[in-house]
Amino acid sequence: MTYRWPARLLHWGMALLVLAMIPVGLVMVQQGLNRPVQNALYLFHKNVGVLLLLLIGLRLLYRWRHRPPPLPATVPGWQRRVAALSHGALYLLLVVMPVAGYVRVRAGGFPIEMLDAMGIGSFVPRSKPLAELAQTIHYFGGLALIALIAVHIAAALHHAVLKGDGVFARIWPPLGRAGRHR
Ligand code: HEM
């Protein structure tokens, strides 16, 4: 059994965006970067980050309405538990990261161009301590997310290349026909 196409499309679309957000975030904070380049990276990071917050909301809603297909019976119990835990942590960080980024920027009094253009003002007060707290959460959350994504990709490759046990085929291809779904 496979995931339905909206779940697969959301998974791979968000994967692409998050995999772009991380290097962009790491590069844009470097000192001595060419100013126009830095501005463009910030513009991308803040606005795509807000879009990701909407997408994760949509994804959680979809997952709540459509439970994931069962894992193949060959997957041992401990792997099911580790998978459930790590997927839960990934979802949590995909909420925490954009929220912390948003608070860091808005509490710091900075623009989020897409929201500003739509006339959507700040949901948080301007406050230096709040901006600093959010910045710290965003930083350590980013490190945890990088570690979890590395484990997630390693596990996916293990199932797809070494075991070929049908785990990866549940979420592939991103669009179009797949096997039977739930
Ligand atoms: C899934 C979404 C996001 C991911 C994976 C992500 C990831 C990162 C990473 C890895 C960094 C570099 C580490 C650091 O210096 O803190 C960073 C920095 C930053 N991010 Fe994000 N981010 C996300 C969403 C957002 C959003 C929505 C905003 C704002 C609207 C934002 C604003 C910032 C800012 C301002 C910095 C520089 C931190 C500083 O002030 O030093 N991020 N992000």
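Heads up: the structure comes first, above all this text.
None of the values given here were measured: they were computed from a predicted structure.

1. Digging into the overall build of the protein
Then, number 1: Helix and strand counts for the protein come out as 5 helices and 0 strands.
Then, number 2: Reading the secondary structure of the protein in the N-to-C direction produces α-α-α-α-α.
Then, number 3: In terms of principal-axis extent, the alpha carbons of the protein reach across some 50 × 30 × 30 Å.
Then, number 4: Counting over 182 residues, the protein shows a buried share of 32%.
Then, number 5: Taken as a whole, the protein presents about 11400 Å² of accessible surface, with 71% of it coming from carbon and sulfur.
Then, number 6: In the protein, which carries 19 positive and 4 negative side-chain charges, the distance between the mean positions of the two groups comes to 15 Å.

2. What about the coordination of the iron atom of the ligand?
Tetrahedral coordination by four donors sets the ideal angle at the metal to 109.5 degrees; octahedral coordination by six donors sets it to 90 or 180 degrees.
Then, number 1: Donor atoms from the polypeptide that bind the iron atom of the ligand are His45 (NE2) and His138 (NE2), placed at 2.0 Å.
Then, number 2: For the iron atom of the ligand, the 6 donor atoms are set out with angles of 85 to 180° between them, so the coordination reads as octahedral. With histidine 45 in helix H2 (residues 35–65) and histidine 138 in helix H5 (residues 128–163), this pair connects stretches of sequence that are 93 residues apart.
Then, number 3: For histidine 138, a relative accessible area of 24% gives the class partly exposed.

3. A short note on unusual backbone geometry
Then, number 1: The peptide bond linking tryptophan 172 to proline 173 adopts the cis configuration, its omega dihedral lying at 0°.
Then, number 2: Note that proline 173 resides in the segment after H5.

4. What about H2?
Then, number 1: Taking 1.5 Å per residue as the helical rise, H2 with its 31 residues ought to reach 45 Å, and the 45 Å between its terminal C-alpha atoms agrees with that figure.
Then, number 2: Of the residues making up H2, those classed as buried are Gln38, Leu41, His45, Lys46, Asn47, Val48, Gly49, Val50, Leu52, Ile56, Arg59 and Tyr62.
Then, number 3: Check the buried side of H2 and you find it contacts helix H1 (5–28), helix H3 (77–107), helix H4 (113–117) and H5.

5. Thoughts on the site of the ligand
Then, number 1: For the ligand, the set of nearby residues contains 23 residues, the closest of which are His45, Gly101, Arg104, Gln135 and His138.
Then, number 2: Arginine 104 has a polar side-chain atom sitting 2.6 Å from an oxygen atom of the ligand.
Then, number 3: In the model, an oxygen atom of the ligand is placed 2.8 Å from a nitrogen or oxygen of the glutamine 135 side chain.
Then, number 4: Mapped by element, the contributors of at least two residues to the shell around the ligand are H1, H2, H3 and H5.

6. Observations regarding a nonpolar patch on the surface
Then, number 1: Where nonpolar side chains cluster on the molecular surface, the patch consists of Leu19, Ile153, Leu157, Val161 and Leu162 and spans about 510 Å² of accessible area.
Then, number 2: The leading source of residues in the nonpolar patch is H5, at 4 residues.
Then, number 3: By the secondary structure assignment, valine 161 is in helix H5.

7. Comments concerning the packing of H2 against H3
Then, number 1: Closest axis-to-axis distance for the H2/H3 pair is 9 Å, and the angle between their directions is 145°. For the crossing formed where H2 meets H3, the hand is left-handed. Judged by residue contacts, Lys46, Gly49, Leu53, Ile56, Arg59, Leu60 and Arg63 of H2 engage Tyr91, Leu94, Val95, Pro98, Val99 and Val105 from H3.
Then, number 2: For the contact of H2 with H3, the class distribution of residues is 9 nonpolar, 1 polar and 3 charged.

8. Description of the packing of aromatic side chains
Then, number 1: Across all of its chains, the model carries 5 aromatic pairs by this definition.
Then, number 2: Relative to phenylalanine 123, the ring of tyrosine 102 has its centre 6.2 Å away and its plane inclined at 35°; by these criteria the two rings are tilted. On the criterion of sequence distance, the pair formed by tyrosine 102 in helix H3 and phenylalanine 123 in the loop between H4 and H5 is long-range, its members being 21 residues apart.
Then, number 3: Each ring, one from tyrosine 139 and one from phenylalanine 140, has its centre 5.1 Å from the other, and the planes form 80°; the classification is edge-to-face.
Then, number 4: Members of the aromatic cluster, each reached through a chain of ring pairs, are Trp12, Phe168 and Trp172.
Then, number 5: The positively charged end of arginine 65 is found above the aromatic ring belonging to tryptophan 64, 5.7 Å away from the centroid.

So, how was this worked out
Residues numbered from 1 in each chain as written. Predicted model: local features only at pLDDT ≥ 70, side-chain atom pairs only at ≥ 80, totals over all residues. Heavy atoms only, no water. Helix = DSSP H or I, 4+ residues; strand = E, 2+ residues; numbered from the N terminus. Buried < 20%, exposed > 50% of the residue type's maximum accessible area, 1.4 Å probe, protein only. Areas by Shrake-Rupley, 256 points an atom, 1.4 Å probe, with all protein chains shown as cover. Lys, Arg positive; Asp, Glu negative; His and termini not counted. Charge placed at Lys NZ, Arg CZ, Asp CG, Glu CD. Donors = N, O, S within 2.8 Å, 3.2 Å for Na, K, Ca; no water. Tetrahedral: all angles 85-135°; square planar, octahedral: opposite > 155°, others 65-115°. Expected span 1.5 Å × (residues − 1). Contact = heavy atoms within 4.5 Å. Near = heavy atom within 4 Å. Polar contact = N/O pair within 3.5 Å; in protein donor to acceptor, adjacent residues only side chain to side chain. Patch = residues over 30% accessible without salt bridge, like charges linked within 9 Å, V, L, I, M, F, W, Y side chains within 5 Å. Salt bridge = Lys/Arg side-chain N within 4 Å of Asp/Glu carboxyl O. Axes fitted to C-alpha atoms, helices over the stretch in contact; angles between N-to-C directions. Left-handed = near helix turned anticlockwise from the far one by under 90°. Nonpolar A, V, L, I, M, F, W, Y, C, P; charged D, E, K, R; others polar. Phe/Tyr/Trp six-rings, centres within 6.5 Å; stacked < 30°, edge-to-face > 60°. Lys NZ or Arg CZ within 6 Å of the ring centre and 35° of its normal.

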